[in-house]
Amino acid sequence: LKHGRVAMLACVGYLVTDLGNRPFYGGPSRSHPGLRAVGDVPWTAWVQIVVALAAIELTVGRQAYFDTRKEAGELGTLRPIFNPFPNDPLLYAGLQLNELKHGRLAMLGITGMLAQEVVTGYTVMGTATSGKPLAAAAAAAEAATATTAG
């Protein structure tokens, strides 16, 4: 559940920055979209990111895998505080199932977006606006088929 939530945020963040909204590290004029932006982040920021993630994982994000009193995704004391439907457990269970399904789709989605960029060299929006990677992929597939057929 936790990885699904991260993947949902990753999908939104990837698409927003791909559309040109890159407010950090010099903005769109000095930073790159997609995976190339990893090189734009200073090493000091990477240290801060790793320390912050470690702090979260070792404190409120820690999951007790053998504790049967907690449900999956129940982090710290947030669950007793945040239940938008305390009088309708069936509706709440349905929303939890939706979150789980959307998280799984987001994991596949961000994996596909990153794989596409690695294979074609273009981001999702770069492919949608130029059409060149699609034509190049079709030509490569046709050449591979001709090679195996002949």
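How each quantity is defined
Residues numbered from 1 in each chain as written. Predicted model: local features only at pLDDT ≥ 70, side-chain atom pairs only at ≥ 80, totals over all residues. Heavy atoms only, no water. Axes fitted to C-alpha atoms, helices over the stretch in contact; angles between N-to-C directions. Helix = DSSP H or I, 4+ residues; strand = E, 2+ residues; numbered from the N terminus. Parallel < 35°, antiparallel > 145°, perpendicular 65-115°, else oblique. Left-handed = near helix turned anticlockwise from the far one by under 90°. Contact = heavy atoms within 4.5 Å. Nonpolar A, V, L, I, M, F, W, Y, C, P; charged D, E, K, R; others polar. Expected span 1.5 Å × (residues − 1). Buried < 20%, exposed > 50% of the residue type's maximum accessible area, 1.4 Å probe, protein only.

Engineer: I would appreciate a short explanation of the packing of helix H1 (residues 2-18) against helix H4 (residues 89-120) in the present structure.
Structural biologist: For any two helices packed against each other, one specifies the crossing angle of their axes together with the interaxial distance. Where H1 contacts H4, the axes come no closer than 7 Å and their chain directions differ by 45 degrees. Considering their axes alone, H1 and H4 lie oblique with respect to each other. Our pair here, H1 against H4, has a crossing hand that is left-handed. The segment H1 lies against H4, with His-3, Gly-4, Arg-5, Ala-7, Met-8, Ala-10, Cys-11, Tyr-14 and Leu-15 engaging Glu-99, His-102, Gly-103, Ala-106, Met-107, Gly-109, Ile-110, Met-113, Leu-114 and Glu-117. Its residues assigned to classes, the contact of H1 with H4 shows eleven nonpolar, five polar and three charged.

Engineer: Help me understand H1 in this model?
Structural biologist: Residues that lie three or four places apart on an α-helix share one face, since the helix turns once every 3.6 residues. Compared with the 24 Å implied by 1.5 Å per residue over 17 residues, the 24 Å span of H1 between its first and last C-alpha is a close match. For H1, the complete set of buried residues consists of Lys-2, Gly-4, Ala-7, Cys-11, Tyr-14 and Asp-18. With its phi angle positive at about 110 degrees, Gly-20 sits one or two positions after the end of H1.

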